[in-house]
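# Remarks on the overall topology
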Amino acid sequence: MTSGTVDVFAGVEHEVPSMLREALTGLELVDHHVHGTYADDITRNVFEQSINEGSPDPVPAFMSMFDSQLGFAIRRWVAPLLGLAPHASADQYWTRRASMSSQELDSLLLPAARVTGWIVDESIGLDALRSPGDLASASGADSNRLVRLERLAESVAAECADPAEFVDRVRAAVAAESADAAGFKSIAAYRCGLDIDWSRPSDDAVTAAVSAWLRTTPADRLRTVDPVIIAFLVHSAVDRGRPLQLHIGLGDRDLDLDRTNPLHLLPLLRSTAESGSAVMLLHCWPFHREAGYLAQAFDHVHFDIGLAINFVGAQSAQVVRESFEVAPFAKQLYSSDAYGLPELHLLGSVLWRRSMGLALGEWVRRGDWSADDAVRVAQMIGAENARRVYTLR
Ligand SMILES: [Zn+2]
């Protein structure tokens, strides 16, 4: 089966001016935060768990995750590429999907996303997911990788005979990675929350924290949660001048959602404003309005509404509209944060294009925006801003 295309403006043609429709349909995106697809074929249980961001548990027997905005969006937009009618039932969808291998699904769905650059976080699901190179070859796109700071710290710590080595070894590892990685990523939001002391810790304070960490944890179970160590990692990455991605908002219930509000980052953003390093706030829902404010307030702050776009499905135009309040357009980026299912790599693109068309198209029709400006802004957010920030070709 060859890859198909998705008519992303089906049913709303009259709401989106033709010039904007054409530009958004043809736009080649840079997905600046994404993961690989599942290397092996999966069960329906794994599929349904993969379309629930909040819960790590199996889906209870009384319900199906197909009955959600994301489940409906998969049946609406992906089913036709599998040769089914739009809105095919969940059982029909699953039966057809299960008849295909993971490679067939990738080669069918990934090119239809029309992404020419993937920036891949490869630090989780290493055994289950394909590599950035596989993602690129299945879709005919380029790929770049991100380095997750907490994982880097854990592998350095596991090799330290003496905690006093940690600080210099981390700095050396961050310097080495910054030579070819697109940027760094921190999941401080998961590990200690964002409401920590963001001042730059002294080397002695980091060494003391690492001593305590190594003393109390077996080497094969090291997990960075100490806020002193995490602040050190973040400052070390910012010092290298590469973009730093920070998880904000929506995630599974391991994180305390109320401690992931990006306003907790104000001290860090003030102290890094002159660093020359860009801070990328990822996902952000339900704090995308706070993120938009920070993107206006700080030259080095950028944000996206990836992940949420997939999960809110038919409501995605509203989230896109809300992301277009106070944030300058040069500070917004596109991402899917797709993980595992190639449906998510595709849907991020489909729902973003459709929602951008609906939101910007309304302003063009009302005469608030020109069609030329709408197209230009779509190109900025879809690709150009990412190419500038990550210095991609
Ligand atoms: Zn991610």
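Residues numbered from 1 in each chain as written. Predicted model: local features only at pLDDT ≥ 70, side-chain atom pairs only at ≥ 80, totals over all residues. Heavy atoms only, no water.

### Comments concerning the UniProt feature "domain: Amidohydrolase-related" (unreviewed entry) in the protein
Within this structure's numbering, the places UniProt gives as "domain: Amidohydrolase-related" (unreviewed entry) are residues 211-391. Its end C-alpha atoms 38 Å apart, residues 211-391 is made of 51% helix and 9% strand. (UniProt positions renumbered as here; feature names shortened; annotations may be inferred. Helix = DSSP H or I, 4+ residues; strand = E, 2+ residues; numbered from the N terminus.)

### Here we look at the coordination of the zinc ion
At 2.1 Å from the zinc ion lie its protein donor atoms, namely His33 (NE2), His35 (NE2) and Asp337 (OD). Positions of the donor residues of the zinc ion, expressed as sequence spacing, correspond to H-x1-H-x301-D. Taken as a pair, His33 and His35 share a single burial class, namely buried. (Donors = N, O, S within 2.8 Å, 3.2 Å for Na, K, Ca; no water. Buried < 20%, exposed > 50% of the residue type's maximum accessible area, 1.4 Å probe, protein only.)

### Quick word on the packing of aromatic side chains
Overall, the coordinates contain 13 aromatic pairs when judged by the stated rule. Between Phe324 and Trp369 the ring centres are 6.2 Å apart and the planes differ by 65°, which places this aromatic pair in the edge-to-face class. With Phe324 in the loop between helix 15 (316-323) and strand 8 (332-333) and Trp369 in the loop between helix 16 (342-366) and helix 17 (371-389), this residue pair connects regions lying 45 residues apart in the sequence. Overall, Phe324 belongs to the buried group, its relative accessible area being 9%. Sitting over the face of the ring of Trp77, Arg76 holds its NZ or CZ atom 3.9 Å from the ring centroid. (Phe/Tyr/Trp six-rings, centres within 6.5 Å; stacked < 30°, edge-to-face > 60°. Lys NZ or Arg CZ within 6 Å of the ring centre and 35° of its normal.)

### A word on helix 16
Helix length check: helix 16 (25 residues) gives 36 Å between terminal C-alpha atoms against 36 Å at 1.5 Å per residue, within 8%. By the criterion of burial, helix 16 is predominantly enclosed, with 22 of the 25 residues buried. Two residues or fewer past helix 16, Gly367 is found with a positive phi of approximately 85°. (Expected span 1.5 Å × (residues − 1).)

### Things to note about the sheet that holds strand 5 (residues 244-248)
Taken in spatial order, the 8 strands of this open sheet run 1-2-3-4-5-6-7-8, and their pairing is parallel. Of all the strands in the sheet, the pair left with one neighbour each is strand 1 (29-34) and strand 8. Across 2 bridges, the pairing between strand 7 (residues 301-304) and strand 8 is parallel. Note on strand 8: the bridge partner recorded for Asp304 is Leu333. The sheet strands contacting helix 17 are strand 1, strand 2 (115-121), strand 6 (279-283), strand 7 and strand 8, and the helix crosses strand 1 at an angle near 65°. (Pairing = 2+ DSSP bridges. Contact = heavy atoms within 4.5 Å. Axes fitted to C-alpha atoms, helices over the stretch in contact; angles between N-to-C directions.)

### Section: the environment of Arg148
Among the secondary structure elements, Arg148 is positioned in strand 3 (residues 142-148). A C-alpha to C-alpha distance of 14 Å links Arg148 and Phe232, two positions 84 residues apart in sequence. When neighbours within four sequence positions are excluded, Arg148 is seen to be in contact with His35, Asp121, Ser123, Ile124, Lys185 and Ile187. Of the polar contacts made by the side chain of Arg148, one reaches the side chain of Asp121; its length is 2.9 Å. (Polar contact = N/O pair within 3.5 Å; in protein donor to acceptor, adjacent residues only side chain to side chain.)

### Observations concerning the nonpolar core
Burial of nonpolar side chains together is a common tendency in soluble globular proteins. With 121 residues, the main nonpolar core has Phe166, Trp198, Leu281 and Leu360 as its most contacted residues. Take this core: its biggest share by element is 12 residues, from helix 16. With residues near it in sequence (within four places) discarded, Trp198 still touches Ala188, Ile230, Ala231, Val234, His235, His264, Leu265, Pro267 and Leu268. Core analysis: the next-biggest nonpolar cluster, separate from the first, contains 12 residues, Ile119, Leu333, Ala386 and Tyr390 among them. (Core = buried A, V, L, I, M, F, W, Y, C linked by side-chain atoms within 4.5 Å.)

### Concerning the packing of helix 7 (residues 149-159) against helix 8 (residues 166-178)
Between helix 7 and helix 8, whose axes approach to 10 Å, the crossing angle comes to 130°. Overall, the two elements helix 7 and helix 8 adopt an arrangement that is oblique. The crossing of helix 7 and helix 8 is right-handed. Between helix 7, through Leu149, Leu152, Ala153, Val156, Ala157 and Glu159, and helix 8, the contact on the second element is made entirely by Phe166, Arg169, Val170, Ala173, Val174 and Glu177. Of the residues that constitute the contact of helix 7 with helix 8, the class distribution is 9 nonpolar, no polar and 3 charged. (Parallel < 35°, antiparallel > 145°, perpendicular 65-115°, else oblique. Left-handed = near helix turned anticlockwise from the far one by under 90°. Nonpolar A, V, L, I, M, F, W, Y, C, P; charged D, E, K, R; others polar.)

### Here's the deal with the pairing of strand 3
Where strand 2 and strand 3 come together, 5 bridges link them in parallel fashion. Residue pairing in the sheet places Val120 in a bridge with Arg145 of strand 3. Crossover strand 2 to strand 3 through helix 6 (residues 132-139) is right-handed. Pairing between strand 3 and strand 4 (residues 183-186): 3 bridges, direction parallel. When the sheet's bridge partners are listed, Val147 is paired in strand 4 with Phe184. (Right-handed = clockwise from strand over helix to strand, strands pointing away.)

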